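# Structural overview for review
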Amino acid sequence: MSRAEVVESARPVSRLWTFGLLRNELVTTFRRRRTLALLAVLAGVPILVGIAVRIETGDGSSPGGGGGGGPAFIAQITNNGLFLVFTGLAATLPFFLPMAVGVVAGDAIAGEAHSGTLRYLLVAPAGRSRLLLTKYATVVVFCLAATLMVAVSALAVGALLFPLGDLTTLSGTRIGFAEGLGRALLIALAVAASLIGVAALGLFVSTLTGSGIAAMATTVGLLITVQILDQIPQLHALQPYLFSHYWLSFADLMREPVYWGDLVKNLGLQTLYAAVFGSAAWARFTAKDITA
């Protein structure tokens, strides 16, 4: 058998191994009690918001007592339960969603090292680069799953507690329920994409330590620090470069016409963070001495 034939026959095996490794990582991640608990907490946020709005508006008043406070979506929930999806995502994105992603990403490599299974994962034909890429893909899938968990929970509660129908956009125009549902899906995808930078950051931190708890705590601490920096007026020149700065730009998908400027900036910024911290994680992990 020639060398070319050997290479060609090895490729299907390599692909099968990669898919098998990814499948095992996904099953392991989503079977963990910690992951299930995080998803349950995320699903519970829109439930609590929906019940609170229902109780507060039981006498016919508007949310917030008519004071006009709160997110732009929350005043519309009583008119259309689909707005609970947007409100739930707006409520979870600043802290709950990135915290959950930070926990999963921070534990990706450090947790394996702490449990003593990292060396066994690196046996041929896995390799460090392939394992790292598989870990990152698993965290990205969790980003999507966590976001959809919030959206589906909010849609179910919104349909149960409030009427559904045509929507009034933030620009004051009317769109059909089917189009509104489509925009809700786009918003969920935009929110999930907003978390890929956090996923790469958490994965990089996870390569720096052999303690899963330390990696998770450090990642969550960095998230809180960045959120604080994004609220300090004196740092306005720095804030457009913080990964959280354009997170709430998904609201522009509920305008007519859609404002794409901040949405594109957010996607570009998240891609940049994913590239920078993904490369840093690869450089660290491929040169790291694995002793556990």
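Provided above is the structure to which this section pertains.
In short, a report on the structure. Values in this document were obtained by computation on a predicted structure and should not be read as measured data.

### Concerning the overall build of the protein
Each helix and strand in the protein was counted, giving ten helices and two strands. Secondary structure of the protein in N-to-C order comes out as α-α-α-α-α-α-β-β-α-α-α-α. Relative to its full complement of 292 residues, the protein shows a buried share of 43%. Counting only carbon and sulfur atoms, one obtains 67% of the accessible surface of the protein, whose full area is about 14200 Å².

### Digging into the packing of helix H8 (residues 196-206) against helix H9 (residues 212-229)
Axis separation between H8 and H9 bottoms out at 9 Å; the angle between their running directions is 140°. The orientation of H8 relative to H9 falls into the category oblique. The two elements H8 and H9 cross, and the hand of that crossing is right-handed. Across the interface between the two elements, Val198, Leu201, Gly202, Val205 and Ser206 from H8 touch Ala215, Thr218, Thr219, Leu222 and Leu223 from H9. Classifying every residue of the contact of H8 with H9 gives six nonpolar, four polar and no charged.

### So, the pattern of salt bridges
The full count for this structure, using the stated rule, is five salt bridges. For the salt bridge of Glu256 with Arg183, the shortest nitrogen-to-oxygen distance reads 2.4 Å. Of this pair, Glu256 sits in the loop between H9 and helix H10 (261-286) while Arg183 sits in helix H7 (residues 177-193), and the two are 73 residues apart along the sequence. Arg183 gets classed as buried once you look at its relative accessible area, which sits at 9%. A salt bridge links Arg255 to Asp252; the shortest N-O distance between them is 3.0 Å. A relative accessible area of 23% means that Arg255 is categorised as partly exposed. Judged by its relative accessible area of 11%, Asp252 falls in the buried class. Taken together, the salt bridges that share partners define one network made up of Glu179, Arg183 and Glu256.

### Topic: helix H3 (residues 83-92)
Each full turn of the α-helix corresponds to 3.6 residues, which orients residues three or four apart in the same direction. With nine of its ten residues buried, H3 lies for the most part within the structure. Within the span of H3, buried status applies to Phe83, Leu84, Val85, Phe86, Thr87, Gly88, Leu89, Ala90 and Thr92. Against the buried residues of H3 lie helix H2 (33-56), helix H4 (96-115), helix H6 (128-161), strand E1 (167-168) and H7.

### Focus on a nonpolar patch on the surface
Where nonpolar side chains cluster on the molecular surface, the patch consists of Leu144, Leu148, Val152, Leu185, Leu186 and Leu189 and spans about 490 Å² of accessible area. At the level of elements, H6 and H7 are the ones that each hand at least two residues to the nonpolar patch. By the element assignment, Leu189 lies in helix H7. For Leu189, a relative accessible area of 40% puts it in the partly exposed group.

### Brief notes about the side chain of Ser249
As for its placement among the helices and strands, Ser249 is situated in the loop between H9 and H10. A residue is classified by how much of its surface remains accessible, and Ser249, at 7% relative accessible area, is buried. From its side chain, Ser249 meets the backbone oxygen of Tyr246 in a polar contact 2.6 Å long.

### Comments concerning the packing of aromatic side chains
Taken as a whole and judged by the stated rule, the model has seven aromatic pairs. Look at Phe95 and Phe96: their rings are 5.6 Å apart centre to centre, the planes differ by 75°, and that puts the pair in the edge-to-face class. We classify Phe95 as partly exposed; its relative accessible area is 37%. When the centroid spacing of 5.9 Å and the interplanar angle of 15° are considered together, the rings of Tyr273 and Phe277 count as stacked. One end of the pair, Tyr273, and the other, Phe277, are both in helix H10, four residues apart, so they sit about a helical turn from each other. Put simply, the rings of Phe204, Phe243, Trp247, Tyr273 and Phe277 pair up and form one aromatic cluster. Seen from the ring of Phe285, Arg128 lies directly overhead, with NZ or CZ sitting 6.0 Å from the centre.

### Focus: the environment of Ala146
Structurally, Ala146 can be placed in helix H6. Residues Ala146 and Leu42, spaced 104 residues apart in sequence, show a C-alpha to C-alpha distance of 7.1 Å. If we ignore the near neighbours within four places in the chain, the residues touching Ala146 are Leu39, Leu42 and Leu97.

### A word on the nonpolar core
Grouped together as the largest cluster of nonpolar side chains are 78 residues, with contacts concentrated most on Val85, Phe86, Val101, Phe142, Ile187, Phe243 and Phe250. Secondary-structure elements contributing two or more residues to this core are H2, H3, H4, H6, H7, H8, H9 and H10. Considering every element that reaches this core, the biggest residue donor is H6, with eleven residues. Excluding anything up to four places from it in sequence, Phe243 contacts Val198, Leu201, Leu223, Val226, Asn266, Leu269, Gln270 and Tyr273.

Conventions and cut-offs
- Residues numbered from 1 in each chain as written.
- Predicted model: local features only at pLDDT ≥ 70, side-chain atom pairs only at ≥ 80, totals over all residues.
- Heavy atoms only, no water.
- Helix = DSSP H or I, 4+ residues; strand = E, 2+ residues; numbered from the N terminus.
- Buried < 20%, exposed > 50% of the residue type's maximum accessible area, 1.4 Å probe, protein only.
- Areas by Shrake-Rupley, 256 points an atom, 1.4 Å probe, with all protein chains shown as cover.
- Axes fitted to C-alpha atoms, helices over the stretch in contact; angles between N-to-C directions.
- Parallel < 35°, antiparallel > 145°, perpendicular 65-115°, else oblique.
- Left-handed = near helix turned anticlockwise from the far one by under 90°.
- Contact = heavy atoms within 4.5 Å.
- Nonpolar A, V, L, I, M, F, W, Y, C, P; charged D, E, K, R; others polar.
- Salt bridge = Lys/Arg side-chain N within 4 Å of Asp/Glu carboxyl O.
- Patch = residues over 30% accessible without salt bridge, like charges linked within 9 Å, V, L, I, M, F, W, Y side chains within 5 Å.
- Polar contact = N/O pair within 3.5 Å; in protein donor to acceptor, adjacent residues only side chain to side chain.
- Phe/Tyr/Trp six-rings, centres within 6.5 Å; stacked < 30°, edge-to-face > 60°.
- Lys NZ or Arg CZ within 6 Å of the ring centre and 35° of its normal.
- Core = buried A, V, L, I, M, F, W, Y, C linked by side-chain atoms within 4.5 Å.

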